[in-house]
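# Structural overview
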Amino acid sequence: MTGVQTCALPISGHPVRVLRNKMSNEYIKRESQGATFEELELLTLGGLKKAVIDGDVSQGSVMAGQIAGLIKKEYSCSELIQEVVCEAEKLLNGGLIHE
């Protein structure tokens, strides 16, 4: 996977937001080629287990929240905490206007 991109797959008739990977790209390709619901269901069968239990993030369904598409940069935990604390201090001191 490169970066954090999301796509909504209508698995089981309900949209599901997943990180874009080989499985989701194949799903979209087959769907656009007119695959049946059953064929698409077979493609994704066990996808969550593949990603979560087996660690196969290439062929599994890697679920993502709505915010996933807004992520622009990867931070270490330390960097993230430092940025949050810095922004909080600026807000508390009136030096940063939150939009």
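Keep in mind the model is a prediction, meaning the values are calculated, not measured. (Residues numbered from 1 in each chain as written. Predicted model: local features only at pLDDT ≥ 70, side-chain atom pairs only at ≥ 80, totals over all residues. Heavy atoms only, no water.)

## Some details on the overall build of the chain
Inclusion rule: A helix here means a DSSP run of H or I that spans at least four residues, while a strand means a run of E at least two residues long, and both kinds are numbered starting from the N terminus. Residue burial is assigned from relative accessible area. The probe radius is 1.4 Å, only protein chains are included, and a residue is buried under 20% of its type maximum, exposed over 50%, and partly exposed in between. Residue contacts are counted whenever heavy atoms from the two residues lie within 4.5 Å of one another. Methods summary: accessible areas were calculated by the Shrake-Rupley approach with a probe of 1.4 Å, and residue burial reflects only the protein chains presented.
Along the chain, the regular secondary structure elements total four helices and two strands. For the chain, the sequential pattern of α-helices and β-strands runs β-β-α-α-α-α. The proportion of buried residues among the 99 residues of the chain is 21%. In the chain, the share of contacts with a sequence separation of at least 24, taken over all contacts with a separation of at least 6, comes to 39%. Accessible surface for the chain amounts to roughly 7400 Å². Of this, 58% is attributable to carbon and sulfur atoms.

## A word on the pattern of salt bridges
Basically, it comes down to this: The term salt bridge refers to a side-chain nitrogen of Lys or Arg lying within 4 Å of a carboxyl oxygen of Asp or Glu.
Applying the stated rule across the entire model yields two salt bridges. Across the pair Arg30 and Glu26 runs a salt bridge whose closest N-O atoms are separated by 2.8 Å. Placement of both Arg30 and Glu26 in helix H1 (residues 22-32) is noted, with a separation of four residues, approximately one turn of the helix. Taking relative accessible area as the criterion, Glu26 reaches 25% and is therefore assigned partly exposed.

## Observations concerning the packing of H1 against helix H2 (residues 37-44)
Defined as follows: As a rule, the C-alpha atoms of each element are fitted with a line to give its axis, helices using only the stretch in contact, and angles between N-to-C directions run from 0 to 180 degrees. An angle below 35 degrees is treated as roughly parallel, one above 145 as roughly antiparallel, one from 65 to 115 as roughly perpendicular, and anything else as oblique. Nonpolar residues are Ala, Val, Leu, Ile, Met, Phe, Trp, Tyr, Cys and Pro. Charged residues are Asp, Glu, Lys and Arg, and all others, Gly as well, are polar.
In contact at an axis separation of 10 Å, H1 and H2 are set at 170 degrees when each is read in the N-to-C sense. If you check the angle between H1 and H2, you find them roughly antiparallel. Every residue of H2 that contacts H1 at Met23, Glu26, Tyr27, Arg30 and Glu31 is listed here: Leu40, Leu43 and Thr44. In the contact of H1 with H2, the residues fall into four nonpolar, one polar and three charged.

## Considerations on a nonpolar patch on the surface
The criterion, for reference: In this scheme, patches are assembled from residues that exceed 30% relative accessible area and form no salt bridge. Like charges are connected within 9 Å, while nonpolar side chains (Val, Leu, Ile, Met, Phe, Trp, Tyr) are connected within 5 Å.
A surface patch of nonpolar side chains, amounting to about 410 Å² of accessible area, comprises Leu48, Val52, Ile53 and Met63. Structurally, the position occupied by Leu48 is in helix H3 (residues 47-52). The partly exposed category is assigned to Leu48, whose relative accessible area is 43%.

## Notes on H2
Put simply, the rule is: Arc, as used here, means the arc of the directions from the helix axis to the C-beta atoms.
Looking only at H2, the buried set comprises Leu40, Leu43 and Thr44. Buried positions in H2, seen along its axis, are confined to an arc of 90 degrees and lie on one side of it. Looking at H2, the residues exposed on the side facing more than 90 degrees away from the buried face are Glu38 and Leu42.

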